[in-house]
Every structure is written in C-alpha cells, then in structure tokens.
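Report on the structure
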Amino acid sequence: MTGVQTCALPISDTVRGQRNSLIGAYIQDDWRIRPNFTMSYGLRYEYYHPLTEDRNLFVLFNANTGQLMPNTTSWYQSSKTNFGPRLAFSWSPERFKNRTVFRVGAGYFYGPGQTEDQIQPIDSDRASVSLTSNIAYPIVPSQVLSTFTATNHPGYQPRAYPPDEYKIPEKILSFTASMQQQLPGNAVLTVAYVGSQGRNLFLRSWTNRIVSVNPTTGAANLQYGSQFAQIDYKTSGGNDNYNSLQTTLNRRFAKGLTAGFQWTYAHSIGNTGGSNEAQTTQNPFNFNFDHGNNAFDVRHSMNASVLYALPVKFGNKAANTLLGNWEIGGVMTARKGLPIDVPLSRPDVAWINASGQYVQSAAAGGVTAVINNPYGGAFRNNRRPDVVAGVDPFLHGADGRFFLNPAAFSIPTPGQFGNLGRFALHGPGLTQFDFTVHKQFVITEGQSLEFRAEVYNL
C-alpha cells in the first residue's frame, strides 16, 4: 500500500489510569442571638491532590524551560491553605413589625477547575507520525514508534504547564446584601446586591514562541527549536469581578393569581472567565492585556411570569368538568445581548515589498519576511483586529437586526497586537414569550389527565 497516512498514536500501548484524591471537612452553625436576629457561620477546608497517572505514563513539557520533565515530576502545585470561612446575618427589626428582613453574608469557595485542563500530560503521551511507506492495517503503535524521539520527528506538540507556577484551586469570594419587604396584596419585594471576586483563575497561553524569521525564506525560528511545534500551555493566576443588582417581586397564590418579576443589572469583567472559559491570551507575556468583559457578561436580564386560575365554575358536574377550573399563564424573558469576540485570521509571517507595503505571500517576489503577529500563536486562533475610530461596529437593518460592520475593523500592523478588547462588543438581545393554557381532568381518585397547550414567540 502506498500514499501518506497520518495518525496520532500513544507512545505506550497500555491503558492510562488517572488518579486523584481530595479532602474536605466543614463545621457550620446557626446562632439565634435574639428572636429577630440570627447569625450563621462556618468554616470549610479543602485539599485537592494533583492528578497523577498510576504508572507514570505521561509527558510533561515545561513551558518555562522548553524541556521534557522526568516522569516523576508533579504536573502542577496544589495549595494546602484552602480555608473557606462563611459568615451571614439576618435581622428583622421590630419597628417594622417583622415585615422587613435585612440579610448580609459572605464566604470563600474553592474548586479545582475542569479536569480536562489538568490531565494534559496524559494526553501528551502520544505522537503524530506521517507514514509514507509500508503502510498496512492494523497499525501496531509500538512498531511505528520504536524509533520516535522529539529530535528525529520534529514538530512534536505536547501540551504544557509551567509546573512551578500553575497552582490549584481557583478561589471565589462571594458576598451579598439584601432587603426583603412584605407588601400588601400577599406580595414580597427583594432587592439585593450580589457580587463575587475570582482569584487564581485558570489562564491559557502558548510557548515555544517565534523569536525571528528568515527574511528570505520566511522560516520561523522558535524559542526552543524546531524539535517542538508551538505549544499550548495552561496556568493559573487570573482574576474576574462580578457585581449585580438583583430585584425580585413575587405575589404568592391568592384569589387564583400567582405572579413574579425578576430584573438583574450585572457586569462581569476580568482577564479570564476561569475554568473552561479561559481564552488564549493575545500577549503571552501579559495576561492583563486581555482584561475585558467575560463571555457571560449580560448587563440586563428580566423575567416576568403570571399564572391565573379562571374563576369559572358550573353547577352542572359535566359542564364543570369540561369548562371549569382552567388556568392560563405566561412567561416573558428578555435580556441584553451576549458578548461577542471578533477573531482575526492572521498568519504568523508577513512580507514587505520594496515600496514598504505589506503583502500576505512571497509570490510577487522582491519581498522580505517579517514577524506578523508577535511571537506567533496562529494555531490558537486568538487574534483580534484594530478598531477603526469613529466607525459604527454594527450595520443596522430596517427590521431592527444588526450585523458586524467589516469597515469598523482593520488588520494590525505587522509586529503589533490588535487593540479591540476581549468581548468588547455585545450582540443582539433576546426576547421570548410563552403563553400556556392547561387544565387537569380528574378521572378517578388516583388518576388524572392534564391538558396543556403552549405558544412560544421569540
């Protein structure tokens, strides 16, 4: 059989065995200091042992040194000081006749993050090999890889950690203060400030960066040489901040009517969204270059619901069974748009001609190669454009829809990062209405049939 067959094969044929362990302990208590004043307090401790492979079948690339580490090296660090105190108070002043309640509370919370982000050394225990001869099935990995080394198979691309910098767990300080007021008509109003601060959050970058380019051929010279490709790496130390005003008005069931209304104004900003939400940074030397909105930053969101039991009953049992006791209701949800990123396809290398103009290839001749995106990193699709000042980033249609305006963005000058912020733009909002009609038909004492019809409108 002839041709080229590219395959990713495990360097060892045996099944991998991931192992991890955690320790958790907590104490918690409520103290009713006075009939109208309660304190809740507690303390939790957690420790997450770094993941391991039970036979040390892994490849650990050190993002700081460019070396493959011994297979006895710990993949990352795990803090042993994860104490999470919690404290909250609830107070109902007598002067307000127990119709008003004030609450305030805060606590530290920890989490190891997404397992997939911590198991990369096991995934890296493989090699991509292109076979050009003696291709036969089934492929025996041990035979194909018997001569494999990072030197004679250049371009090896494991995943990487900086073992002396990557530390778990992520830490969140969550806090809230609220006032709850009972209103006439069996209604309750709650107004709350809810916030959180994330620290030591998951971050993502790349290493084996481009340090220079051959001006004639355009070949890139890499930080750790061509035996490795440019490599995705993961670490910690990110931050985010969330602040919100949350308002809720509920009318409990009375005279056949139940209603609720919720509105939240919020903002989430930081240099990462944390575990499973971290984008590869534009600048591998400065994670704060990506300080901006997080992917789940929704400024306004609203939800309103109503359920009403129609006061229609009949003296005739058959008529009442068919026509009485119907319920109608509806739910309306509306929110502002989700953040959107504007990725830019931009090669690692650009060419400059004799007139000083930048071109995308050397096809025209008489050109010199230069580094286009600083340090490379095209494989992570992490590039953003420059903003054209004074140009609306959206094209607005007569029907209210809008689209990204290509004229509002430009390709950055070679050697420069784009200046559009991370998730700087927000897409269109969403409004949804759901109307429902339903009734329950009692068949026997233990059996019933429910009819429901719903109409959605987006």
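First, a word on what this report is: a plain description of the structure on this page. (Residues numbered from 1 in each chain as written. Predicted model: local features only at pLDDT ≥ 70, side-chain atom pairs only at ≥ 80, totals over all residues. Heavy atoms only, no water.)

**What about the pattern of salt bridges?**
Going by this rule: By definition here, a salt bridge exists when the distance from a side-chain nitrogen of Lys or Arg to a carboxyl oxygen of Asp or Glu is within 4 Å. Strands are runs of DSSP state E lasting at least 2 residues, helices are runs of H or I lasting at least 4, and numbering of each runs from the N terminus. Classification of residues uses two cut-offs on accessible area relative to the type maximum, computed with a 1.4 Å probe and protein chains only: under 20% is buried, over 50% is exposed, and between them is partly exposed.
In total, this model carries 16 salt bridges according to the counting rule given. Notably, a salt bridge pairs Lys-234 with Glu-116, separated by 3.7 Å at the nearest N-O pair. Highlighted residues: Lys-234 in strand β18 (residues 231-254) and Glu-116 in helix α1 (residues 115-118), separated in sequence by 118 residues. A residue is classified by how much of its surface remains accessible, and Lys-234, at 1% relative accessible area, is buried.

**Examining the pairing of strand β4 (residues 37-48)**
Each regular strand displays side chains that alternate between the two surfaces of the sheet. Which entries qualify depends on this criterion: Two strands qualify as a pair provided DSSP detects at least 2 bridges between them.
Sheet analysis places strand β3 (residues 22-34) next to β4, joined by twelve bridges and oriented antiparallel. In the sheet register, Leu-22 faces β4, and the bridge partner there is Tyr-48. One ladder, built from nine bridges, connects β4 with strand β9 (residues 83-91); its direction is antiparallel. Looking across to β9, one finds that Ser-40 is bridged to Ala-88.

**Re the environment of Arg-19**
What counts, and what does not: Here a residue-residue contact requires only that any non-hydrogen atoms of the pair lie within 4.5 Å. Any N or O atom pair separated by 3.5 Å or less is treated as a polar contact, with the protein-specific requirement of one donor-capable and one acceptor-capable atom, and with residues adjacent in sequence counted only for side-chain atom pairs.
Here Arg-19 is to be found in strand β2 (residues 18-19). With a relative accessible area of 43%, Arg-19 lands in the partly exposed category. For the pair formed by Arg-19 and Asn-288, sequence separation is 269 residues and the distance between their alpha carbons is 34 Å. Sequence-distant contacts of Arg-19, that is, excluding residues within four places in its chain, are made with Pro-50, Leu-51, Thr-52 and Asp-54. Reaching out from Arg-19, the side chain makes a polar contact with the side chain of Asp-54 at a distance of 2.9 Å.

**Description of a nonpolar patch on the surface**
Definition in use: Residues enter patches when their relative accessible area tops 30% and they take part in no salt bridge; the joining distance is 9 Å for like charges and 5 Å for the nonpolar side chains Val, Leu, Ile, Met, Phe, Trp and Tyr. For the area figures, the Shrake-Rupley method with a 1.4 Å probe applies, and any residue is considered shielded solely by the protein chains shown.
Together, Leu-310, Val-312, Phe-314, Leu-322 and Leu-323 make up an exposed nonpolar region whose accessible area comes to about 430 Å². Among the structural elements, Val-312 can be located in the loop between β21 (300-309) and α4 (317-323).

**A few points about the nonpolar core**
The condition is simple: For the purposes of this section, nonpolar cores are sets of buried Ala, Val, Leu, Ile, Met, Phe, Trp, Tyr and Cys residues that join through side-chain atoms within 4.5 Å.
With 13 residues, the main nonpolar core has Trp-75, Tyr-76, Tyr-161 and Tyr-166 as its most contacted residues. Of all hydrophobic cores here, the second largest spans eleven residues; its members include Val-59, Ala-160, Ile-231 and Tyr-233.

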